[in-house]
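Summary of structural features
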Amino acid sequence: YLLIKVSAVNVPEILNVSTLLGDEALISKCTQALEDDPDSFFSSPTIGLLSSESLKQLLKKDVPVSSESVIYEGVMQWSRIQLESKEKEISTALLRQEAEKWFSQIRFLAMSQDEFVKYVLPDTILTLTEISAIQLNIAGVSDVSLPPLFSNIKENRNRFEKSKLEKCRIRYAECTKDCYKKTTLSNPVILDQVQTVNIIYLSKLEYKSDIGFNGSTLTVKDSSGLELKAVHFDGRVAEFDEPIQMKPEEKYTFTLGGGGSKSGYKDKHRIKDNGLISGRTMHHFKKGCDLYYWKR
């Protein structure tokens, strides 16, 4: 019911509930509800309705705000509202005390010098040492350490804009075993030893065959066997609520399970990848699939 009803208007209340319940699908849905106009949400008093844990969840996401200064101002507004709710007079010291727990979540280094001067400095909650270290890092001066409270991330949050999503079609190039040997597979590995040329952030896998996999789960593991993500495979599409970072030095395995045994080809086929991805396909992937991703 909440997944259907969530909207930009009621995000705070539903996000508070989903965070309390640890419902990742609902948390992701709340984030998606803000994608059309996240700037308005972070600049409105509505943000003050978020619990501390909900704000933490939101700041962990790559919400596509126009600038990191929007995140900073949202956090400051949230901090002021918390002080007001405790009937405390807002002072620089109290504002610093309330806001500094979020410094590690704010990407100060993703701001321009002008944004930092315009939006951060007027609040006077940073020390001169902190201001100097941040500004030198924004300017690209090497060997200048940030105080431990602050994030080293320089990338903008809006790097995952839907308009920048790219697509790569992968097909089999040649069979490495008997291509006519059919078998029944349980929890088949559908993509094996997948390796990328450069860092990409995988958003979605779309299977091109007419046969779907309703009720199945797609699991992605790295070279060490560590599970990175497990998502429901709905028909022919598996979409990740958070992009999976794929690095050139790793080899990834995509396994399909939970939907019962499948009858298909156990043979391994090398991938024809248009120069982006190498690896092998297995089990009905002769028609290939589309990977949707963002480049770093």
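Residues numbered from 1 in each chain as written. Predicted model: local features only at pLDDT ≥ 70, side-chain atom pairs only at ≥ 80, totals over all residues. Heavy atoms only, no water.

If you look the protein chain up in an unreviewed UniProt entry, it shows as BACK domain-containing protein from Meganyctiphanes norvegica.

Here we come to helix α9 (residues 128-138). Among all positions of α9, only Glu130, Ile131, Ala133, Ile134, Asn137 and Ile138 are buried. Taken around the axis of α9, the buried residues stretch over an arc of 165 degrees, which confines them to a single face. Pointing more than 90 degrees away from the buried face of α9 are the exposed residues Leu128 and Thr129. Directly after α9, the chain includes Gly140, whose backbone phi takes a positive value near 85 degrees. (Buried < 20%, exposed > 50% of the residue type's maximum accessible area, 1.4 Å probe, protein only. Helix = DSSP H or I, 4+ residues; strand = E, 2+ residues; numbered from the N terminus. Arc of directions from axis to C-beta.)

So, on to unusual backbone geometry. A positive phi angle, near 55 degrees, is found at Thr124, a position not held by glycine. The exposure class assigned to Thr124 is exposed, which follows from its relative accessible area of 51%. The backbone phi angle of Asp143 is positive, close to 60 degrees, even though this residue is not glycine. If you trace the backbone, Asp143 turns up in the loop between α9 and β1 (166-175).

Right, let's get into the environment of Asp37. Mapped onto the fold, Asp37 is located in the loop between α3 (24-33) and α4 (38-43). Taking the C-alpha atoms as reference, Asp37 lies 9.4 Å from Ser66; in sequence the two are 29 residues apart.

Most of strand β8 (residues 252-257) is tucked away, with five of its six residues classed as buried. With three bridges connecting them, strand β3 (residues 189-196) and β8 associate as antiparallel partners. Across the sheet, residue Val194 finds its bridge partner in β8, namely Tyr252. Note that strand β5 (residues 216-221) and β8 share five bridges and pair antiparallel. For Leu218, the partnering residue across the bridge sits in β8 and is Leu256. (Pairing = 2+ DSSP bridges.)

Its location among the elements puts Glu98 in helix α7 (residues 92-99). Engagement of the side chain of Glu98 in a polar contact is seen with the side chain of Lys86, the distance being 3.4 Å. Here the side chain of Glu98 touches Lys101 through a polar contact of 3.4 Å, side chain to side chain. Excluding residues that lie within four positions of it along the chain, Glu98 makes contacts with Trp78, Ser79, Gln82, Leu83 and Lys86. (Polar contact = N/O pair within 3.5 Å; in protein donor to acceptor, adjacent residues only side chain to side chain. Contact = heavy atoms within 4.5 Å.)

Quick look at the packing of aromatic side chains now. Counting across every chain of the model gives seven aromatic pairs. With a centroid separation of 5.9 Å and 80 degrees between ring planes, the pair formed by Phe103 and Phe108 is classed as edge-to-face. The pair Phe103 / Phe108 is uniform in exposure class, with both members buried. Aromatic side chains Phe108 and Phe116 sit 6.4 Å apart centroid to centroid with 80 degrees between the ring planes, which places their arrangement in the edge-to-face category. Phe116 sits in the buried class, given a relative accessible area of 0%. Ring pairs connect the aromatic residues Tyr72, Phe103, Phe108, Phe116 and Phe150, which therefore count as one cluster. The lysine or arginine in question, Lys204, covers the ring of Tyr292, its NZ or CZ lying 4.3 Å from the ring centre. (Phe/Tyr/Trp six-rings, centres within 6.5 Å; stacked < 30°, edge-to-face > 60°. Lys NZ or Arg CZ within 6 Å of the ring centre and 35° of its normal.)

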